[in-house]
Amino acid sequence: MNKNGNFNGLRVAAFESRRADDLTRLIERSGGVPFVSPSMREAPLENQSAAIEFAQEILTGQIDVVIFLTGVGFHQMLAAIEKSIDRQRYLDALSDIVTIARGPKPAFAMSEVGLSPTFRVPEPNTWREVLNLIDTQLPIANQSVGIQEYGKTNPSLLAGLEARGARVSNVRIYSWELPDDCGPLEANVRRLAAGEIDVALFTSAHQLTNLFESADKLGLREETHRGLRQAVIASIGPTTSEALRDFDLPIDLEPEHPKMGPLVAAAASRAAELRQRKLQVSTMFSGPASHSSDENASWYDSPFMKACRREPTDVTPVWLMRQAGRYMAEYREVRAKTSFLELCKNPQLCSEVMCTAVARLGVDAAIIFSDLLPILEPMGLDLEFVQGDGPVIHNPLREAIDVDRVRELEAIDELQYVVETVSRTRADLPEDIPLIGFAGSPFTLASYAIEGGSSRQYLNTKILMLTDEGAWSELMSKLARAVTLYLNAQIAAGAQCVQLFDSWVGCLGPDDYRRYVLPYIQQIVENLTPGTPVINFATGNPALLPLLAESGAAVVGVDWRIRLDDAWKTIGHDRAVQGNMEPSVLLTNPAEIRRRAGEVLDQAGGRPGHIFNLGHGVHQQTPVDNAIALVDAVHELSSR
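If you look the protein up in an unreviewed UniProt entry, it shows as Uroporphyrinogen decarboxylase from Lignipirellula cremea. Within the UniProt record for the protein, the comment given under Pathway (unreviewed entry) is "Porphyrin-containing compound metabolism; protoporphyrin-IX biosynthesis; coproporphyrinogen-III from 5-aminolevulinate: step 4/4." UniProt, in the comment section headed Sequence similarities (unreviewed entry), describes the protein in these words: "Belongs to the uroporphyrinogen decarboxylase family."

See the structure below:
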């Protein structure tokens with residue numbers, strides 16, 4: 001982080017209306033090259049009949065609670081009704097009902113006419129704080145709530161109030177239109193389209209609409225969108241961030257307080273670092289990483305990739321989940337010098353431990369060394385790997401309202417170390433060995449986030465899932481989008497195949513899986529880079545196998561709780577399968593290992609599309625020689 005809070009000469013495009021000069025000076029003082037352009041102007045609605053009707057409802061006692069969102073809007077409401085309604089009578093009516101001021105500006109506007117709000121929303125004064133205040137201090141079920149909007153309706157606030165049982169009426173006083181002089185805005189559009197902007201600051205959701213309207217007029221919409229994605233995007237707060245997401249744009253940072261000064265300060269302190277990350281990732285993705293359908297690549301006709309495509313192979317391919325782990329002395333030597341999370345964030349060491357395991361075991365595929373849970377950190381979950389306890393989430397999601405604080409994963413910058421691990425491992429592996437990327441599935445990630453760590457019953461998870469389907473859907477949707485972005489980044493960096501791990505979903509029955517999980521897995525598979533095989537792996541409940549196949553994944557992972565032939569028949573022979581020897585067999589002896597491997601191969605019957613694996617990961621107590629004996633036995637017994 002840039003501790004001096006200096007842009008260091010970065011080119012900063014900012015979009016503002018009333019305070020463009022102030023914003024220009026702030027950027028200059030912070031060492032940036034400012035390109036501040038007015039992007040909208042306030043346009044009073046010609047027909048103010050809605051404002052007059054709203055005021056009449058207040059006068060006649062039809063509204064129980066009024067929410068004032070802005071100070072300017074409060075003043076303009078008075079101006080809109082003054083020719084039709086006595087001003088003092090309107091103010092007296094307001095003093096007799098519950099009023100909520102969203103922050104200091106509407107509260108100050110009210111004080112100027114002798115009013116004090118009943119409640120004042122605390123910082124950062126977003127619609128979420130409005131709802132939190134209502135939840136803690138003001139029950140509104142069966143109450144009539146009026147919202148005095150300004151410029152644009154906030155659908156999230158309206159939906160939140162209605163979900164709490166309120167009857168909502170809202171009134172808009174102004175609309176936002178393009179500025180009278182569009183020249184400066186169009187100049188910024190051209191700069192963005194040409195890739196000449198390093199940082200883009202947005203202080204209002206309306207600015208996005210007008211920016212792209214100008215881009216459309218210039219025929220530069222696609223180029224402007226690309227320029228924005230390449231720049232560091234700073235949003236003043238949640239409402240603006242939601243607008244950015246609607247335009248498929250990442251939010252790289254938000255200030256702690258949604259005000260102009262903190263916005264510029266936050267951007268100045270981190271922009272150089274974030275810009276460098278984006279450039280590194282962009283360079284990485286534009287490099288020579290082979291695509292999964294690249295028939296000229298050495299690994300394309302490997303036994304593993306052929307099996308993913310259900311093509312005949314000379315030998316059944318084999319790899320092991322957790323094939324780099326504590327059962328290997330080489331891994332223990334590395335771990336003695338670093339924590340697990342620190343290891344996961346060191347691409348060079350991750351590549352080293354995996355490539356060592358691949359060479360030692362003689363397996364047919366590698367999987368990146370990482371963990372399921374680091375993806376939760378940039379989404380706002382406080383993750384720690386505790387000695388003896390495993391992963392712990394210190395701020396678990398125990399209530400539906402907690403889902404609101406789960407951040408959207410807008411970009412993979414904060415997970416760049418995983419992307420670099422993929423790139424580094426791909427470069428270090430033999431060219432004919434395919435590399436598998438992976439992620440936790442949304443249900444398993446959600447369960448960790450809700451339970452706060454390991455669980456046997458998943459009671460907190462199931463309570464949220466079964467009692468608030470709206471909150472569950474929001475959480476699973478965020479996780480599905482994050483996993484899709486994450487896996488596509490791994491594919492772009494050099495992974496030939498990806499696996500979804502749903503280690504905890506076996507606690508569900510088929511009906512609940514179909515309703516609460518399957519749609520999100522299907523969404524992920526559908527939106528991954530075309531041509532990339534996906535392995536959908538879940539444990540604990542063989543009854544889920546047909547539903548795993550419905551995800552659209554090319555390969556279905558099978559644990560040891562069902563015979564492989566029965567599993568494949570259930571899944572359908574139009575899918576490849578992976579599995580499924582009991583991991584504890586590796587704790588026995590080479591003769592028993594060979595016998596049990598032969599049983600699994602016999603159940604596969606030589607049908608194309610079988611990838612040999614354990615039913616879950618290698619146990620820590622496993623002798624390395626036994627793992628090697630398994631790989632040798634599979635190759636020898638399946639040789640055709």
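**Student:** Can you help me understand the overall build of the protein in this one?
**Tutor:** Of regular secondary structure, the protein possesses 26 helices and 19 strands. Its C-alpha atoms put the protein at 95 × 55 × 45 Å along the principal axes. Look at the contacts in the protein between residues 6 or more apart in sequence, and 70% of them connect residues 24 or more apart. Taken as two groups, the 60 positive and 82 negative side-chain charges of the protein have centres that lie 2 Å from each other.

**Student:** Looking at this structure, how should I read the UniProt feature "site: Transition state stabilizer" (unreviewed entry) in the protein?
**Tutor:** Under the UniProt annotation, the feature "site: Transition state stabilizer" (unreviewed entry) is placed at D371. By the secondary structure assignment, D371 is in the loop between β11 (366-367) and β12 (383-386). The class for D371 is buried, based on a relative accessible area of 19%. The residues touching D371, leaving out its near neighbours within four places in the chain, are F340, C344, F385 and F438. Within polar-contact distance, the side chain of D371 engages the backbone nitrogen of L373 at 3.1 Å.

**Student:** Looking at this structure, I do not really get the pattern of salt bridges. What am I missing?
**Tutor:** Two side chains that carry opposite charge are able to pair once their charged atoms sit near each other. This model, assessed by the stated rule, comprises 25 salt bridges. R481 is the partner of E408 in a salt bridge, and the nearest nitrogen-oxygen pair spans 2.5 Å. On the criterion of sequence distance, the pair formed by E408 in the loop between β13 (390-393) and α17 (416-428) and R481 in helix α20 (residues 469-493) is long-range, its members being 73 residues apart. Judged by its relative accessible area of 38%, R481 falls in the partly exposed class. Taking the shortest distance from any N to any O, the salt bridge between E599 and R595 comes out at 2.6 Å. Residue E599 and its partner R595 are both found in helix α25 (residues 590-604); the two are separated by four residues, about one turn of the helix. For E599, a relative accessible area of 33% puts it in the partly exposed group. Salt bridges linked by common partners bring E592, R595, R596 and E599 together as one network.

**Student:** I'm lost on helix α11 (residues 238-246) in this one. Help?
**Tutor:** Given 3.6 residues to a turn, an α-helix orients residues that are three or four positions apart in the same direction. Among all positions of α11, only P238, T240, S241, A243 and L244 are buried. Lining the buried residues of α11 we find α6 (127-137), β9 (199-202), α9 (206-218) and β10 (232-235). Residue D248 follows α11 closely and has a positive phi angle near 60 degrees.

**Student:** What exactly am I supposed to notice about the domain arrangement of the protein here?
**Tutor:** In many reports, interface size means the accessible area that the parts give up when they come together. Segmenting the protein into domains produces domain 1 (11-39 + 180-285), domain 2 (43-177) and domain 3 (303-638). Distance between the C-alpha centres of domain 2 and domain 3: 51 Å.

**Student:** Looking at this model, I keep getting lost on the packing of helix α16 (residues 347-361) against α17. Mind explaining?
**Tutor:** Working note: a packed helix pair is described by the angle between its axes plus the distance between those axes. Contact geometry of α16 with α17 gives a least axis separation of 8 Å together with a crossing angle of 45 degrees. With respect to their mutual orientation, α16 and α17 come out oblique. The handedness of the crossing between α16 and α17 is right-handed. Contacts from P347, Q348, C350, S351, M354 and C355 of α16 reach α17 at Y417, E420, T421, R424, T425 and D428. Residues that form the contact of α16 with α17 fall into these classes: five nonpolar, four polar and three charged.

**Student:** Please explain the pairing of strand β16 (residues 534-538) as it appears in this structure.
**Tutor:** Regular strands have side chains that alternate between both faces of the sheet. The buried fraction of β16 amounts to five of the five residues, a majority that puts the element mostly inside the structure. Neither face of β16 is exposed, since V534, N536 and A538 on one face and I535 and F537 on the opposite face are all buried. Bridge count between strand β15 (residues 497-502) and β16: five bridges; the pairing is parallel. Across the sheet, residue L500 finds its bridge partner in β16, namely N536.

**Student:** Where do I start with the nonpolar core in this structure?
**Tutor:** Inside soluble globular proteins, nonpolar side chains tend to come together where they are buried. Counting residues in each nonpolar core, the largest one holds 133 residues, and the members touching the most others are F304 and L630. Per-element tally for this core: the top contributor is α20, with 13 residues. In this structure F304 touches P317, W319, D364, A365, P434, I436, C497, I535 and I611, once residues within four positions along its chain are discounted. Counting residues in hydrophobic clusters, the runner-up holds 27 residues, among them M77, I85, A101 and I173.

**Student:** Would you take a moment to explain the UniProt feature "binding site: substrate" (unreviewed entry) in the protein for this structure?
**Tutor:** Cross-referencing UniProt, the feature "binding site: substrate" (unreviewed entry) maps to R322, Q323, A324, G325, R326, D371, Y448, S503 and H616 in the present numbering. Taken along the chain, the residues just named run across 295 residues; in space they spread out, the farthest C-alpha pair reaching 23.1 Å. Position of A324 among the secondary structure elements: in the loop between α13 (303-308) and α14 (329-335). Not counting the four nearest positions on each side in its chain, A324 is found in contact with Y331, V353, M354, A357 and F369. Turning to its location among the elements, Y448 is positioned in helix α18 (residues 442-451). In this structure Y448 comes out as buried when scored by relative accessible area, which is 12%.

**Student:** Which parts of the structure should I look at to understand the environment of Y513?
**Tutor:** In this fold, Y513 is placed in helix α21 (residues 510-516). Remark: the alpha-carbon pair of Y513 and E123, spanning 390 residues in sequence, is separated by 39 Å. Other than its neighbours up to four places away in sequence, Y513 contacts V505, L508, L518, I521, N536, L544, L547 and L548.

**Student:** Mind showing me how you'd approach the confidence of the model for the protein here?
**Tutor:** Keep in mind that low pLDDT regions are not for reading the predicted coordinates in detail. Summarising the model, the protein shows a mean pLDDT of 89, and 94% of its residues fall at 70 or more. Every residue in residues 284-289 is under pLDDT 50, and counting partners more than four places away or in other chains gives 12 contacts.

**Student:** Quick question: what am I supposed to make of the side chain of S214 here?
**Tutor:** Along the chain, S214 turns up in helix α9. For S214, a relative accessible area of 1% gives the class buried. Not counting residues up to four positions away in its chain, the partners in contact with S214 are L178, L185 and V189.

**Student:** I tried to follow the sheet that holds β15 on my own but got confused; where do I start?
**Tutor:** As a general point, the strands of a sheet are linked pairwise by backbone hydrogen bonds and lie either parallel or antiparallel. Read across the sheet, seven strands follow the order β11-β14-β15-β16-β17-β18-β19 without closing on themselves; strand pairing throughout is parallel. On the outer flanks of this sheet lie β11 and β19 (610-611), each paired with one strand and no other. In terms of strand pairing, strand β17 (residues 555-557) meets strand β18 (residues 576-578) through three bridges, oriented parallel. In the strand pairing of β18, V556 is matched with V577. Docked against the sheet, α20 engages β14 (435-440) and β15, running at close to 165 degrees with respect to β14.

Reading the values: the criteria
- Residues numbered from 1 in each chain as written.
- Predicted model: local features only at pLDDT ≥ 70, side-chain atom pairs only at ≥ 80, totals over all residues.
- Heavy atoms only, no water.
- UniProt positions renumbered as here; feature names shortened; annotations may be inferred.
- Helix = DSSP H or I, 4+ residues; strand = E, 2+ residues; numbered from the N terminus.
- Contact = heavy atoms within 4.5 Å.
- Lys, Arg positive; Asp, Glu negative; His and termini not counted.
- Charge placed at Lys NZ, Arg CZ, Asp CG, Glu CD.
- Buried < 20%, exposed > 50% of the residue type's maximum accessible area, 1.4 Å probe, protein only.
- Polar contact = N/O pair within 3.5 Å; in protein donor to acceptor, adjacent residues only side chain to side chain.
- Salt bridge = Lys/Arg side-chain N within 4 Å of Asp/Glu carboxyl O.
- Domains from an automatic or database assignment.
- Axes fitted to C-alpha atoms, helices over the stretch in contact; angles between N-to-C directions.
- Parallel < 35°, antiparallel > 145°, perpendicular 65-115°, else oblique.
- Left-handed = near helix turned anticlockwise from the far one by under 90°.
- Nonpolar A, V, L, I, M, F, W, Y, C, P; charged D, E, K, R; others polar.
- Pairing = 2+ DSSP bridges.
- Core = buried A, V, L, I, M, F, W, Y, C linked by side-chain atoms within 4.5 Å.
- pLDDT = per-residue confidence, 0-100.

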